[in-house]
Amino acid sequence: QAKKGAQEAVEIALKNKNTEVAILAFEGKCSNPIHTANGFSTNLKNLTETIKRLTANGGTPLASAVSRANSYMASNKSLASVTQMIILLADGNDDCGNLESVLASLAKKEIVFRHETIGLGLDNNSTAQSQLKSIAQTTKGQYHNSSSSEELSAQFKNALENMKMLEMMGKMNGSSAKPQAADS
């Protein structure tokens, strides 16, 4: 169900001609949290194949993954990009670091992008849910809860709708929404 929801989100995102999607999947290792990656692309087939190859196991190196995803976005986004956003899906607590210090470090480097976070199967008021809510709030994003894998597709769509609204607001104001907010 998680793969299906992610595939649908990619299809929806790519309907916007000015959108590119990158997939960075994380699990387990704190020092090297990204185990599968597909750089920014508009190639639906390649992105879908990357999603199909994903497996779930290991820990949740959330702090490391947030650091890597923001650094990746800063280094690889298109210079013509108006808005950027990271959609972060997690099903557990951070195993590897201090999210507050990671976000503070990224802010100091001025590379904090908007995060729409999705908690999959998390208990209300759990540490993992609090961490995802904190990431969303700190980056001016929104937290989405998915109590079942069936709801996941709808939460991806909600996150993408927020991206469209930010892009529209940026065009109306003649500038990009800050913090930087969705070509991913």
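To be clear, the structure that these remarks concern was listed above.
The rules behind the values
Sequence order sets the numbering: in each chain, residues are counted from 1 along the sequence as written. Only residues with pLDDT of 70 or above have their local features reported here, since the model is predicted, and side-chain atom pairs are shown and tallied only from 80 upward, although totals for entire chains, interfaces and linings are computed over all residues. Processing note: side-chain calculations cover all non-hydrogen atoms of the structure and skip hydrogens and water entirely. Definition of nonpolar core: a set of buried residues of the types Ala, Val, Leu, Ile, Met, Phe, Trp, Tyr and Cys, connected through side-chain atoms within 4.5 Å. For every residue, the accessible area (1.4 Å probe, protein chains only) is compared with the maximum for its type, and the residue is labelled buried under 20%, exposed over 50%, or partly exposed between those bounds. Helix and strand definitions here come from DSSP, where helices need a minimum of 4 consecutive H or I residues and strands a minimum of 2 consecutive E residues; each element is numbered from the N-terminal end. Whether two residues touch is decided by their heavy atoms; if any such pair falls within 4.5 Å, the residues are in contact. Between Lys or Arg on one side and Asp or Glu on the other, a salt bridge is scored when a side-chain nitrogen of the former is within 4 Å of a carboxyl oxygen of the latter. Sulfur atoms of two cysteines make up a disulfide when they are within 2.5 Å. Angular values range over 0 to 180 degrees, each being the angle between N-to-C directions of two axes fitted as lines to C-alpha atoms, with helices fitted over their stretch in contact. In what follows, roughly perpendicular refers to angles from 65 to 115 degrees, roughly parallel to angles under 35, roughly antiparallel to angles over 145, and oblique to any angle outside these ranges. By definition, turning the near helix anticlockwise from the far helix through less than a right angle yields a left-handed crossing, and turning it clockwise yields a right-handed one. Pairs of strands are assigned from DSSP output, requiring at least two bridges between the strands.

Visitor: Before we move on, can you summarise the nonpolar core with the specific residues and values?
Guide: As a rule of thumb, soluble globular proteins bury nonpolar side chains together. Grouped together as the largest cluster of nonpolar side chains are 26 residues, with contacts concentrated most on Phe 26, Leu 62, Val 66, Leu 88, Leu 132 and Ile 135. Those elements that place two or more of their residues in this core are β1 (21–26), β2 (34–41), α3 (62–76), β3 (85–90), α4 (99–108) and α5 (127–138). Sort the elements by how many residues they give to this core and α3 lands first, with 6 residues. Those residues in contact with Val 66 that sit more than four places away from it in its chain are Leu 88, Leu 99, Val 102, Leu 103, Leu 106, His 115 and Ile 135. In terms of nonpolar packing, the next biggest core, distinct from the first, is built from 16 residues, Val 21, Ile 23, Leu 47 and Leu 120 among them.

Visitor: Any chance you could break down the pattern of salt bridges for me, citing the residues and the numbers?
Guide: Counting across every chain of the model gives 3 salt bridges. Its salt-bridge partner being Lys 4, residue Glu 8 comes within 4.0 Å of it at the nearest N-O pair. Residue Glu 8 and its partner Lys 4 are both found in helix α1 (residues 2–14); the two are separated by 4 residues, about one turn of the helix. Ionic pairing is found between Lys 52 and Glu 49, a salt bridge with its closest N-O pair at 3.7 Å. Taken together, the residues Lys 52 and Glu 49, both in helix α2 (residues 44–53) and 3 residues apart, mark about one turn of the helix. For Glu 49, a relative accessible area of 34% puts it in the partly exposed group.

Visitor: Can you tell me about the state of the cysteines, naming the residues and giving the values?
Guide: Evaluated as defined, the whole model comprises 1 disulfide. Between the sulfur atoms of Cys 30 and its disulfide partner Cys 96 the distance amounts to 1.8 Å. Across the S-S bond linking Cys 30 and Cys 96, the dihedral sits near -75°, which makes this disulfide left-handed. In this pair, Cys 30 is assigned in the loop between β1 and β2 and Cys 96 in the loop between β3 and α4, connecting sequence segments 66 residues apart. Its relative accessible area of 21% is what places Cys 96 among the partly exposed residues.

Visitor: Please provide a residue-by-residue account of the packing of α3 against α4, values included.
Guide: Put simply, α3 and α4 touch, their axes get as near as 9 Å, and they point 15° apart. As judged from the angle between their axes, α3 and α4 are roughly parallel. As for how α3 packs across α4, the hand of that crossing is right-handed. Across the interface between the two elements, Leu 62, Ala 63, Val 66, Ser 67, Asn 70 and Ser 71 of α3 pack against Leu 99, Val 102, Leu 103 and Leu 106 of α4.

Visitor: Tell me what's going on with the sheet that holds strand β5 (residues 143–146), and back it up with residues and numbers.
Guide: With parallel pairing, the 3 strands of this open sheet are ordered in space as β3-β4-β5. Strands at the two margins of the open sheet, each flanked by one partner only, are β3 and β5. Ignoring which end each strand starts from, the neighbouring axes of this sheet average 20° apart. As paired elements, strand β4 (residues 114–120) and β5 share 4 bridges and run parallel to each other. Considered in β5, the bridge of Gly 119 is made with Asn 145. Across the face of the sheet, α3 comes into contact with β3 and β4 while running at roughly 160° to β3. Against the sheet, α5 engages β3, β4 and β5, with an angle of about 165° to β4.

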